[in-house]
Each structure stands twice: as structure tokens, then as C-alpha cells.
Amino acid sequence: MSKRKQAGRPPHEPSEKDRKMVEVLSGFAVPTKHIAEVVGITQATLFKHYRDQLRRGGALVQAKLVANLLRIASGSDGTALKAITFALQCRFGWSQYVPRPDGERDRPPGKKEIQQREAETAHTESDWGRLLN
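Read on for an overview of the structure. (Residues numbered from 1 in each chain as written. Predicted model: local features only at pLDDT ≥ 70, side-chain atom pairs only at ≥ 80, totals over all residues. Heavy atoms only, no water.)

1. So, the overall build of the chain
Under the convention used in this document: Under the DSSP-based scheme used, a helix requires at least four consecutive residues in state H or I and a strand at least two consecutive residues in state E, with every element numbered from the N terminus. Each residue is assigned to one of three classes by its accessible area relative to the maximum for its type, calculated with a 1.4 Å probe on protein chains only: buried under 20%, partly exposed between the two thresholds, exposed over 50%. In this analysis, two residues are considered to be in contact whenever any of their non-hydrogen atoms come within 4.5 Å of each other.
Of regular secondary structure, the chain possesses six helices and zero strands. For the chain, the α and β elements follow one another from N to C terminus as α-α-α-α-α-α. Looking at the chain as a whole, 15% of its 133 residues qualify as buried. Contacts spanning at least 24 positions in sequence make up 42% of the contacts within the chain whose residues lie at least 6 apart.

Written out as C-alpha cells, the structure reads:
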């Protein structure tokens, strides 16, 4: 009996280097088609052997970015303020345009608001105001 050679390519054996590369490329949102080309396999083989690395790659990059953002936000300069504002907007849905619950104002009243207030109270300091009361 002679040994027959198997047809086709030999089965893919993932190396630690390949696993790390897939994880890094996945973390930087490289499409799976391109990751498969870099490793030299089909997309089906990529999903079969590297499913965990494809999922974990994005999570690791996101965790590193958040850690860096928090490090920057812990400062006391203008960049820290921007980082804090960004984190509040993204993570907690904070918006500078939502009115505060206690009705506080961040800015002095504008010209139109002053004119409106004066129009509503103009009669109080006149002869008409005395007659109306």
C-alpha cells in the first residue's frame, strides 16, 4: 500500500504571531477580507481559527484609548478640559445645550431678552403703572 498525497492545501495552523497580528489589525478596524489576505488565508478560515482575536481586537484598542483619555482628562490645562467634555458627552450623554434642572443661566441675558423684560415691566414705573394698580 502506498501513501497517497492529499489533494489541496494543508490545514492552516495558527501561530502566536498570526494571532497577535489578527488582533491588532482587527483593533484598527481593518476589514476581515484584508486581514485574511495579510495572513494568507480565506475569510472562512480566518473566522474559523481567529474568532476570539477578531472580537478582542476592537475591545483592547478601545480600552487603551479610554485609558489615555482619562489620563489626559486628569490634567488641569485646556486639553484636559476638552478631554473631560468629550468623555462626558460620549459616556454620559452630557450636552451643553440641555437646560439645567435648576434653571441657572450660564450667560448674561442678551439684548432681546433685556428689551423683552423692559417691555413687560415698563408700566410699573410710570403714571400708567400707578393707575393700573
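The discussion continues.
2. Here we look at the pattern of salt bridges
The criterion, for reference: Within this document, salt bridges are pairs made up of a side-chain nitrogen of Lys or Arg and a carboxyl oxygen of Asp or Glu, the two lying within 4 Å of each other.
Counting across every chain of the model gives three salt bridges. With a closest N to O distance of 3.8 Å, lysine 20 and glutamate 23 form a salt bridge. Here lysine 20 and its partner glutamate 23 are both found in helix α1 (residues 16-27), three residues apart, which amounts to about one turn of the helix. Assessed through its relative accessible area of 10%, glutamate 23 is described here as buried.

3. Observations concerning the nonpolar core
What counts, and what does not: Nonpolar cores are built from buried Ala, Val, Leu, Ile, Met, Phe, Trp, Tyr and Cys residues. Side-chain atoms within 4.5 Å join them into one set.
Residues Val22, Ile35, Ala36, Val39, Ile41, Leu46, Tyr50 and Leu54 constitute the largest nonpolar core, which totals eight residues. Contact partners of isoleucine 35, with chain neighbours within four places excluded, come to Val22, Leu25, Ser26, Val30, Leu46 and Leu54.

4. Brief notes about the environment of valine 24
Take valine 24: it is sitting in helix α1. Considered as a pair, valine 24 and isoleucine 35 are eleven residues apart in the sequence and their alpha carbons are 9.9 Å apart.

5. Let's talk about helix α4 (residues 78-92)
How we decide: Every helix has an expected span of 1.5 Å times one less than the residues it contains.
Across its 15 residues, α4 extends 21 Å between first and last C-alpha, which sits within 8% of the 21 Å expected from 1.5 Å per residue. In the segment just after α4, glycine 93 is the residue with positive phi, at about 65 degrees.

6. Considering the side chain of histidine 12
Note the following rule: Polar contact is the term for a pair of N or O atoms within 3.5 Å; when the atoms are in protein, one must be able to donate a hydrogen and the other to accept it, and sequence-neighboring residues count only if both atoms are side-chain atoms.
In this structure, histidine 12 sits in the segment before α1. A distance of 2.7 Å separates polar atoms of two side chains, one belonging to histidine 12 and the other to tyrosine 50. When near neighbours in sequence (up to four residues on either side) are disregarded, histidine 12 contacts Asp18, Val39, Ile41, Thr45, His49 and Tyr50.

7. Considering α1
Counted only if it meets this: Regarding the arc, it is the one traced by the directions from the helix axis to the C-beta atoms.
Between its first and last C-alpha, α1 extends 17 Å over twelve residues, near the 16 Å set by a 1.5 Å rise per residue. For α1, every residue scored as buried is listed here: Asp18, Val22, Glu23, Ser26 and Gly27. Looking straight down α1, one finds its buried side chains confined to an arc of 165 degrees; they lie on one side. Exposed side chains of α1 directed beyond 90 degrees from the buried face belong to Lys17 and Lys20. Where α1 is buried, its residues touch α2 (32-39) and α3 (43-73). Phi for alanine 29, located one or two positions after α1, is positive at around 60 degrees.

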